[in-house]
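# Breakdown of the fold
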Amino acid sequence: MAVSLFKAGVNVGSSQFLGESIAKNGQSSKVSKAHRVCFSVRAGSYADELVKTAKSVASPGRGILAIDESNATCGKRLASIGLENNETNRQAYRQLLLTTPGLGEYISGAILFEETLYQSTTDGKKFVDVLREANIMPGIKVDKGLVPLPGSNNESWCQGLDGLASRSAEYYKQGARFAKWRTVVSIPNGPSELAVKEAAWGLARYAAISQDNGLVPIVEPEILLDGDHSIDRTLEVAEKVWSEVFFYLAENDVLFEGILLKPSMVTPGAEHKERASPQQVAEYTLKMLKRRVPPAVPGIMFLSGGQSEVEATLNLNAMNQSPNPWHVSFSYARALQNTSLKTWKGLPENVEAAQKALLLRARANSLAQLGKYSAENESDEAKTGMFVKGYTY
Ligand code: 13P
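This text gives an overview of the structure that appears in the document. Quick caveat, the model's predicted, so the values are computed rather than measured.

### As for the nonpolar core
The tendency in soluble globular proteins is for nonpolar side chains to be buried side by side. Ranked by internal contacts, the top residues of the largest apolar core, which has 105 residues, are Y206, F246, L249, L261, F302, Y332 and W344. Among all residues touching L261, those that are not within four sequence positions of it are I218, V219, W242, F246, V293, V297, G299, I300 and M301.

Below, the structure is given as structure tokens:
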């Protein structure tokens, strides 16, 4: 409902409409300067800082380590190596990842869950300080997760706008400099017009609120891999979704130079009969992005969405074979963490090996960001897909 009201509001602000309404009131047929509506791009007092932050995250050869799993999702990861889901184990796992020596060479930002943002290492150093010293920007997941969207085709919408401004101001004080809001669009369930509009509107409101509070918003409408549709259908849906997202970002006066995007790659559905090569994924994904994303946006940081570690890296590498208008990089969770988690197994004596495994993936994706990656010598584990039907993050 908010969306349709807003669309109606678009004309109200235009000088043409103002001119007509003034003429109707019999005052003048021309819009005087004093009456002209001014459309400023609003990012509050943080504009310069937002641009700097976004550029630093989108710096050559680097990308984002996403470790913002909610406590429930982190619990699933820990369960896969036989560990209990408690704060001590979550802290130990995040400490392992964040203190990996040399990580800042390949990783420019780390997305944290709220619990992690306020945690410290076992030696008492705040995680945000560990990151700062490694030249890695701390980021924070700010959405409150997905719930069913009434009136849709079993689709969902993303909660979290209530209280977001004050939460964001607190996160900034704690050291966060960018934020993430993940909503999803399901191809097999529609997507319905309603679900796409709701996703786009929520992302735009979140982006404006984040920028007002000094956080660079990562805009993430994840188009889920679920389904047996073709790559052409994914392209069609992705174009629709991103056009709505940019429409509402603009309507909310979001500063494009101070945002980052986190799209899904354009691939066939996970259950489609044919797989796409990295070249085909790159061709479709870049075609979609070039049609929809203005070059003012500094960085495109892909999610991995259930692809295997190697597949996600190969696809990114294929997208960086020729220059792009934006920095094209990664913001992977599963495709960076999987081997590291399996190597760790919750044992202190495996921490070093697990950190090496993370660094290996970070370096591989850094090379892919530069278009220089080769999959030679990759392990079978790294080639194993991680798609889970109906996956909830
Ligand atoms: P995956 O790379 O596992 O799909 O995670 C995406 C995400 O949104 C994490 O922040």
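### Notes on the site of the ligand
Close to the ligand lie 13 residues; K180, E220, S304, G305 and R334 are nearest. Here an oxygen atom of the ligand and a side-chain polar atom of K262 are 2.9 Å apart. A distance of 2.9 Å separates an oxygen atom of the ligand from a polar backbone atom of A333. When the residues that make up the shell around the ligand are grouped by side-chain class, the tally is five nonpolar, two polar and six charged.

### Regarding the packing of helix α9 (residues 193-212) against helix α10 (residues 231-251)
At a minimum axis separation of 8 Å, α9 and α10 run at an interaxial angle of 40°. Accordingly, the angle class assigned to the pair α9 and α10 is oblique. Seen along the crossing, α9 lies across α10 with a hand that is right-handed. Between α9 and α10, the contacting residues are E193, V196, K197, A200, W201, L203, A204 and A207 on the first element and K240, V241, E244, V245, Y248 and L249 on the second.

### Observations concerning the packing of aromatic side chains
On inspection of all chains with the given rule, the structure shows eight aromatic pairs. Note on W201 and Y248: the rings are 5.6 Å apart at their centroids and 90° apart in plane angle, and the pair reads as edge-to-face. Taken together, the positions of W201 in helix α9 and Y248 in helix α10 put the pair 47 residues apart, joining distant regions of the chain. Like W201, the residue Y248 is buried in the burial classification. Relative to F256, the ring of F246 has its centre 5.3 Å away and its plane inclined at 85°; by these criteria the two rings are edge-to-face. Highlighted residues: F246 in helix α10 and F256 in the loop between α10 and β8 (260-261), separated in sequence by ten residues. Per residue, the accessibility class of F246 equals that of F256, and both read buried. In this structure an aromatic cluster arises from ring pairing among W201, F247 and Y248. Over the ring of Y172 we find R177, and its NZ or CZ is 3.7 Å from the ring centre. A cation over an aromatic ring shows up here: K287 above the ring of Y284, its NZ or CZ 5.4 Å from the ring centre.

### Quick notes on the pairing of strand β7 (residues 216-223)
Every other side chain in a regular strand lies on the same face of the sheet, so the side chains alternate between the two faces. Buried residues dominate β7, accounting for eight of its eight residues. Along β7, one buried face is formed by V216, I218, E220 and E222 and the opposite face, lined by P217, V219, P221 and I223, is buried too. The sheet contact formed by strand β6 (residues 178-185) and β7 spans eight bridges and is parallel. If you follow V185 over to β7, its bridge partner there is I223. What joins β6 to β7 is α9, and the crossover it makes is right-handed. Summarising the sheet, β7 and β8 pair through two bridges and their orientation is parallel. Considered in β8, the bridge of V219 is made with L261. What joins β7 to β8 is α10, and the crossover it makes is right-handed.

### Thoughts on unusual backbone geometry
Here the bond from G190 into P191 is cis, since omega is -15°, no more than 30 degrees from zero. When you line up the elements, P191 lands in the loop between β6 and α9. Positive phi, close to 60°, is recorded for D253, a residue that is not glycine. Position of D253 relative to the elements: it lies in the loop between α10 and β8. With a relative accessible area of 27%, D253 lands in the partly exposed category.

### Points about helix α12 (residues 309-319)
Counting buried residues along α12, nine of its eleven residues qualify, which places the element largely inside the surrounding structure. Buried residues of α12: E309, V310, A312, T313, N315, L316, N317, A318 and M319, and no others. Where α12 is buried, its residues touch α11 (278-292), β9 (299-302), β10 (327-332), α13 (334-344) and α14 (351-369).

### Describing the environment of P348
Along the chain, P348 turns up in the loop between α13 and α14. According to the relative accessible area criterion, P348 is exposed, its value standing at 65%.

### Details of the sheet that holds strand β3 (residues 137-141)
The pairing of strands in a sheet happens through backbone hydrogen bonds and is either parallel or antiparallel. Read once around its circumference, the closed barrel built from eight strands follows the order β1-β2-β3-β6-β7-β8-β9-β10, with strand pairing classed as parallel. Pairing analysis gives five bridges linking strand β1 (residues 63-67) to strand β2 (residues 107-112), with the strands arranged parallel. In the sheet register, I67 faces β2, and the bridge partner there is L112.

### With respect to the side chain of T121
By secondary structure assignment, the location of T121 is in the loop between α6 (114-117) and α7 (127-133). The class for T121 is buried, based on a relative accessible area of 10%. Residues within four places of T121 in sequence aside, it is in contact with Q91, Q95, T99, F127 and V130.

Quick notes on the rules
Residues numbered from 1 in each chain as written. Predicted model: local features only at pLDDT ≥ 70, side-chain atom pairs only at ≥ 80, totals over all residues. Heavy atoms only, no water. Core = buried A, V, L, I, M, F, W, Y, C linked by side-chain atoms within 4.5 Å. Buried < 20%, exposed > 50% of the residue type's maximum accessible area, 1.4 Å probe, protein only. Contact = heavy atoms within 4.5 Å. Near = heavy atom within 4 Å. Polar contact = N/O pair within 3.5 Å; in protein donor to acceptor, adjacent residues only side chain to side chain. Nonpolar A, V, L, I, M, F, W, Y, C, P; charged D, E, K, R; others polar. Axes fitted to C-alpha atoms, helices over the stretch in contact; angles between N-to-C directions. Helix = DSSP H or I, 4+ residues; strand = E, 2+ residues; numbered from the N terminus. Parallel < 35°, antiparallel > 145°, perpendicular 65-115°, else oblique. Left-handed = near helix turned anticlockwise from the far one by under 90°. Phe/Tyr/Trp six-rings, centres within 6.5 Å; stacked < 30°, edge-to-face > 60°. Lys NZ or Arg CZ within 6 Å of the ring centre and 35° of its normal. Pairing = 2+ DSSP bridges. Right-handed = clockwise from strand over helix to strand, strands pointing away.

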